[in-house]
Amino acid sequence: MIRDILRIVGAACLLASGILYFTSNSEQVADTDVQQMQQKIDKLQNELTKAKEELAIAQTVSSAEESPAVEPAPIVKAVLTIASGAKSTSVAEDLQQASIIQDATAFNDFLISNQLEGKIQIGEHNVDSSMDFQAIATVITTAKE
């Protein structure tokens, strides 16, 4: 009986030492893997920092090469007088001559495509060059009170 107990205790010791041996090795392997991964992460972070610095330099150089402080065109204001029987083409040409729009044909095409060429109201209309086609069309097609 004592012999059986000693055998069991011996087998348990061998089993326990085997478990300890393999678990301690796997922890060492895991520690090695963690250290290698940490080194890779550090290397990648350094590369990222360098890339960000180079990008910042490139953006600085790029913005310096662009035209320095382009001033926006001044806003031209005008009072457009539309007489009775005026056609959309003449109104568009008057707007172009007053430097409110760049292309009279494009504005006239806009009026035609939106079926506004026949809705132009006679009278004086305040317009300026900051207005888009829609805003100008709204102003010239709205009846004055």
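K.L.:
Describe the packing of helix 3 (residues 104–113) against helix 4 (residues 133–141), with residues and values.
P.N.:
It is at 11 Å that the axes of helix 3 and helix 4 come closest, and there the two elements cross at 65°. On the basis of their axis angle, the class for helix 3 and helix 4 is roughly perpendicular. With respect to the hand of their crossing, helix 3 and helix 4 are arranged in right-handed fashion. Only Phe133, Gln134, Ile136, Ala137 and Ile140 of helix 4 make contact with helix 3, whose side of the interface consists of Ala106, Phe107, Phe110 and Leu111. Across the contact of helix 3 with helix 4, the residue classes break down as eight nonpolar, one polar and no charged.

K.L.:
Could you give me a rundown of the packing of aromatic side chains, with the residues and numbers involved?
P.N.:
With the rule as written, the count across this model stands at three aromatic pairs. Measuring from ring centre to ring centre gives 5.8 Å for Phe110 and Phe133, while their planes differ by 55°; the resulting arrangement is tilted. With a gap of 23 residues between them, Phe110 in helix 3 and Phe133 in helix 4 connect regions that are remote in the sequence. In this structure an aromatic cluster arises from ring pairing among Phe107, Phe110 and Phe133.

K.L.:
Kindly report on unusual backbone geometry, identifying the contributing residues and their values.
P.N.:
Phi at Ser99 is positive, roughly 65°, even though this residue is not glycine. The exposure class of Ser99 is partly exposed, given its relative accessible area of 40%. For Gln115, which is not glycine, the phi torsion reads 55° and is therefore positive. Looking at the secondary structure, you find Gln115 in the loop between helix 3 and strand 2 (123–128). Since its relative accessible area comes to 62%, Gln115 is described here as exposed.

Conventions we followed
Residues numbered from 1 in each chain as written. Predicted model: local features only at pLDDT ≥ 70, side-chain atom pairs only at ≥ 80, totals over all residues. Heavy atoms only, no water. Axes fitted to C-alpha atoms, helices over the stretch in contact; angles between N-to-C directions. Helix = DSSP H or I, 4+ residues; strand = E, 2+ residues; numbered from the N terminus. Parallel < 35°, antiparallel > 145°, perpendicular 65-115°, else oblique. Left-handed = near helix turned anticlockwise from the far one by under 90°. Contact = heavy atoms within 4.5 Å. Nonpolar A, V, L, I, M, F, W, Y, C, P; charged D, E, K, R; others polar. Phe/Tyr/Trp six-rings, centres within 6.5 Å; stacked < 30°, edge-to-face > 60°. Buried < 20%, exposed > 50% of the residue type's maximum accessible area, 1.4 Å probe, protein only.

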